Amino acid sequence: MTVLKPIRLVLLGAPGSGKGTLTSRLLKNVPQLSAISTGDLLRNEIAKKSEIGSVASGYIKKGQLLPDKFMAELVSSELGNRQWLNNKASFLLDGFPRTINQATELDKSLQTHDANINLVVELNVPPEVILQRISNRWVHQPSGRVYNLQYSPPKVPFKDDVTGEPLIQRPDDNPETFKVRLDGYFKQLEPLKEFYQKKGVFDVVSGETSDIVFPKLLEVVEKKFS
Ligand code: ATP
Ligand code: MG
């Protein structure tokens, strides 16, 4: 797909709604796009046993969100490191912002570069579908690649397609923790939605599987940026 304008896209969606899967597919279809997934970022810090990782692991284990200020600083510095704080770069944020405070902080740091978020897409997937899906989710931790044993199984069982390394189930994907994450998401959704609706950059795509949602998402992106 040929895209002419800089894309500064946020994917909003419940845990397990397919943000990771749709992000990978978008990156394949839109060459100039790169992504930051805050979940992957934090899990890699945990794997590295860094200081950020040690703060993050306590929250993630319980399914709780990290403090807004901590996340806002983390993402700003990541955007800076990647030299995306300008109005030419195209990027996708998966998993950030997810509270109104994070959205406000992000807005402040992007505004000074005339690079505000120009599209927010909510992935609207029924919670009962998500709950059913989650027990089938396996991930390749280093890359963040996501597989579903039912919908998108790896070529070799429990091995990553690209590296052949083993897949794991996320420790926070157990039913109890997942419920906390899902409830937390719906609590934050309305104010976030309103924030971006007022800015005129909000859109929704719905569907029960990523195969159904992806073409709709691609169309929204195409319409807006080509
Ligand atoms: P999924 O990856 O299934 O879409 P998710 O959105 O719940 O689900 P991640 O984005 O991978 O999961 O995040 C995992 C955990 O990392 C969260 O439960 C939270 O503890 C922490 N986290 C990630 N992003 C943020 C954020 N923007 N603010 C606060 N905490 C975050
Ligand atoms: Mg994710």
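About the criteria used
- Residues numbered from 1 in each chain as written.
- Chains lettered and ligands numbered in written order.
- Predicted model: local features only at pLDDT ≥ 70, side-chain atom pairs only at ≥ 80, totals over all residues.
- Heavy atoms only, no water.
- Near = heavy atom within 4 Å.
- Polar contact = N/O pair within 3.5 Å; in protein donor to acceptor, adjacent residues only side chain to side chain.
- Helix = DSSP H or I, 4+ residues; strand = E, 2+ residues; numbered from the N terminus.
- Pairing = 2+ DSSP bridges.
- Axes fitted to C-alpha atoms, helices over the stretch in contact; angles between N-to-C directions.
- Contact = heavy atoms within 4.5 Å.
- Salt bridge = Lys/Arg side-chain N within 4 Å of Asp/Glu carboxyl O.
- Buried < 20%, exposed > 50% of the residue type's maximum accessible area, 1.4 Å probe, protein only.
- Arc of directions from axis to C-beta.
- 1 Å grid on protein atoms, 1.4 Å probe; cavity = no way out; pocket = protein on both sides within 12 Å on 5 of 7 lines; lining within 4 Å.
- Points joined across faces, edges and corners; volume = space filled by probe spheres on them.
- UniProt positions renumbered as here; feature names shortened; annotations may be inferred.
- Phe/Tyr/Trp six-rings, centres within 6.5 Å; stacked < 30°, edge-to-face > 60°.

**Student:** Sorry if this is basic, but what is going on with the site of ligand 1 here?
**Tutor:** As a structural note, the neighbourhood of ligand 1 is formed by 20 residues, with G16, K19, Q64, G95 and R137 the closest of them. In the environment of ligand 1, an oxygen atom lies 3.1 Å from a nitrogen or oxygen atom belonging to the side chain of R98. A distance of 3.0 Å is found between an oxygen atom of ligand 1 and a side-chain nitrogen or oxygen belonging to R181. Examining the composition of the shell around ligand 1, we find that four residues originate from one element, helix α2 (residues 38-48), more than from any other.

**Student:** What should I look at first to understand the sheet that holds strand β2 (residues 34-37) in this one?
**Tutor:** Where strands meet in a sheet, backbone hydrogen bonds hold them as pairs that are either parallel or antiparallel. Reading across the sheet, the five strands line up as β2-β3-β1-β4-β7 and stay open at both edges, with parallel pairing between neighbours. The two strands at the open ends of the sheet, each matched to only one other strand, are β2 and β7 (202-206). Each strand of the sheet is rotated relative to its neighbour by a mean of 20 degrees, with strand direction disregarded. Where strand β1 (residues 8-13) lies against strand β4 (residues 119-124), five bridges are found, and the strand directions are parallel. Across the sheet, the residue bridging to G13 is L123, located in β4. Across the face of the sheet, α2 comes into contact with β2 and β3 (91-94) while running at roughly 60 degrees to β2.

**Student:** Would you mind showing me how to read the pattern of salt bridges here?
**Tutor:** Oppositely charged side chains are able to pair whenever their charged atoms sit close together. What the rule picks out here adds up to 15 salt bridges. D107 is the partner of K199 in a salt bridge, and the nearest nitrogen-oxygen pair spans 3.4 Å. One end of the pair, K199, is in the loop between α7 (175-198) and β7; the other, D107, is in helix α5 (residues 100-111), with 92 residues separating them in the sequence. Exposure remark for K199: the relative accessible area of 41% places this residue in the partly exposed category. Here D107 falls in the buried class, since its relative accessible area comes to 13%. For the salt bridge of R170 with D172, the shortest nitrogen-to-oxygen distance reads 3.1 Å. As far as the burial class goes, R170 and D172 line up, both buried. What you see here is one network of salt bridges that share partners, running through R137, R170, D172, D173 and R181.

**Student:** Honestly, helix α3 (residues 51-62) in this entry has me stumped. Any pointers?
**Tutor:** Each α-helix turn comprises 3.6 residues. Residues three or four places apart therefore point the same way. Regarding α3, the residues found buried are G53, A56 and I60. Burial along α3 is one-sided: seen end-on, the buried residues are contained in an arc of 70 degrees. Those residues of α3 that are exposed and angled more than 90 degrees off the buried face are E51, S54, K61 and K62. Contacts from the buried residues of α3 go to α2 and α7. Sitting at the amino-terminal end of α3 is S50, which places a side-chain oxygen 3.5 Å from the backbone nitrogen of I52. Looking at the residues trailing α3, positive phi occurs at G63, about 80 degrees.

**Student:** Just checking my understanding: could you explain the layout of surface pockets for this structure?
**Tutor:** Taking a probe equal in size to a water molecule and rolling it over the atoms shows the remaining empty space. Empty space within the second largest pocket amounts to approximately 160 Å³. Secondary structure elements with two or more residues in the lining of the second largest pocket: α2 and α3.

**Student:** Can you help me understand the UniProt feature "domain: Adenylate kinase active site lid" (unreviewed entry) in the protein in this one?
**Tutor:** The UniProt entry lists residues 137-172 under the feature "domain: Adenylate kinase active site lid" (unreviewed entry), expressed in the numbering used here. The straight-line gap between the two end C-alpha atoms of residues 137-172 is 11 Å; of that span, 0% is helix and 22% is strand.

**Student:** Looking at this structure, I do not really get unusual backbone geometry. What am I missing?
**Tutor:** For residues that are not glycine, phi is negative in most cases, and the peptide bond is trans in most cases. The omega angle of the peptide bond from F96 to P97 is -10 degrees, so this bond is cis rather than trans. One non-glycine residue, Q83, lies in the positive phi region at around 60 degrees. By the secondary structure assignment, Q83 is in the loop between α4 (68-81) and β3. Phi angles above zero are rare outside glycine, and F158 is one such case at about 65 degrees.

**Student:** How should I be thinking about the packing of aromatic side chains in this particular structure?
**Tutor:** Any aromatic ring pair is given by two values, namely how distant the centres are and how the planes are angled relative to each other. According to the stated counting rule, one finds four aromatic pairs in the structure shown. For the pair W84 and F91, a centre-to-centre distance of 5.6 Å together with 5 degrees between the ring planes defines the contact as stacked. Under the relative-accessibility criterion, W84 is labelled buried at 9%. Plain terms: the ring middles of Y185 and F186 are 5.1 Å apart, the flat faces sit at 75 degrees to each other, and that makes the pair edge-to-face.

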